[in-house]
Amino acid sequence: MQVGEAVRRKWKLWGNLNSDNMSQVSHNEWHGHIICATGERIDYTIIDRKDKVKEAARLLGQVGGQAGYGKKKVRGDSNYYRLLRAKRTIKDAKKRNENC
């Protein structure tokens, strides 16, 4: 929690985070305020996004990578990979011939 540094960067004010002024709104969100050295009050909201990032990654993982036929099988069968290998070896052979 680097709220004090964020306040310093944004408003050029000095203030320390006091966790007594924090109240938990939900399982990953807190609201509170900082009193700066000049007496100004700055309200803040802290959101812990770890759960949301994990959930987004989980949902993205469900989209692709499934075996089968049709739209879910985008690349194709073993012939697709054979052609890729053949193209790569032809390209490597051309590079070797140019370098010699």
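Computed from a predicted structure; not experimentally measured.

(A) Structural view of a nonpolar patch on the surface. Judged by side-chain polarity, Tyr80, Tyr81 and Leu84 come together as a nonpolar surface patch covering roughly 270 Å² of accessible area. Within the fold, Leu84 resides in helix H3 (residues 78-99). When its relative accessible area of 42% is taken as the criterion, Leu84 is described as partly exposed.

(B) Quick look at the pattern of salt bridges. In total, this model carries one salt bridge according to the counting rule given. The partner of Asp43 in a salt bridge is Arg41, and the shortest N-O contact between them spans 3.0 Å. Comparing Asp43 with Arg41, the two get one shared label, exposed.

(C) Structural context of the nonpolar core. Core analysis: the biggest nonpolar cluster contains nine residues, these being Val3, Val7, Leu13, Met22, Ile34, Cys36, Ile42, Tyr44 and Ile46. Residue contributions to this core peak at three residues, all from strand S3 (residues 41-47). Ile42 has contacts with Val7, Trp11, Leu13, Gly32, His33, Ile34 and Cys36, leaving out every residue within four places of it along the chain.

(D) Representation of the confidence of the model for the chain in the model. Per-residue pLDDT for the chain has a mean of 78; in total, 83% of the residues score no lower than 70. Here helix H2 (residues 50-63) stands out as the element of the chain with the lowest mean pLDDT, 72, in contrast to strand S1 (residues 23-26), whose mean of 88 is the highest.

(E) Main features of the sheet that holds strand S2 (residues 29-35). In spatial order, the strands read S1-S2-S3; together these three strands make up an open sheet with antiparallel pairing. Pairing within the sheet leaves two strands with one partner each, and these edge strands are S1 and S3. Going from strand to strand, the sheet's axes swing by 25° on average, the running direction of each strand aside. One ladder, built from seven bridges, connects S2 with S3; its direction is antiparallel. Looking across to S3, one finds that Ile35 is bridged to Arg41.

(F) Layout of helix H1 (residues 3-11). Within the sequence span of H1, burial applies to Val3, Gly4 and Val7. Along the axis of H1, the buried residues cluster in a sector spanning 105°; they form a single face. Lys12 sits one or two positions beyond H1 and adopts a positive phi of about 60°.

Reading guide: rules and limits
- Residues numbered from 1 in each chain as written.
- Predicted model: local features only at pLDDT ≥ 70, side-chain atom pairs only at ≥ 80, totals over all residues.
- Heavy atoms only, no water.
- Patch = residues over 30% accessible without salt bridge, like charges linked within 9 Å, V, L, I, M, F, W, Y side chains within 5 Å.
- Areas by Shrake-Rupley, 256 points an atom, 1.4 Å probe, with all protein chains shown as cover.
- Salt bridge = Lys/Arg side-chain N within 4 Å of Asp/Glu carboxyl O.
- Helix = DSSP H or I, 4+ residues; strand = E, 2+ residues; numbered from the N terminus.
- Buried < 20%, exposed > 50% of the residue type's maximum accessible area, 1.4 Å probe, protein only.
- Core = buried A, V, L, I, M, F, W, Y, C linked by side-chain atoms within 4.5 Å.
- Contact = heavy atoms within 4.5 Å.
- pLDDT = per-residue confidence, 0-100.
- Pairing = 2+ DSSP bridges.
- Axes fitted to C-alpha atoms, helices over the stretch in contact; angles between N-to-C directions.
- Arc of directions from axis to C-beta.

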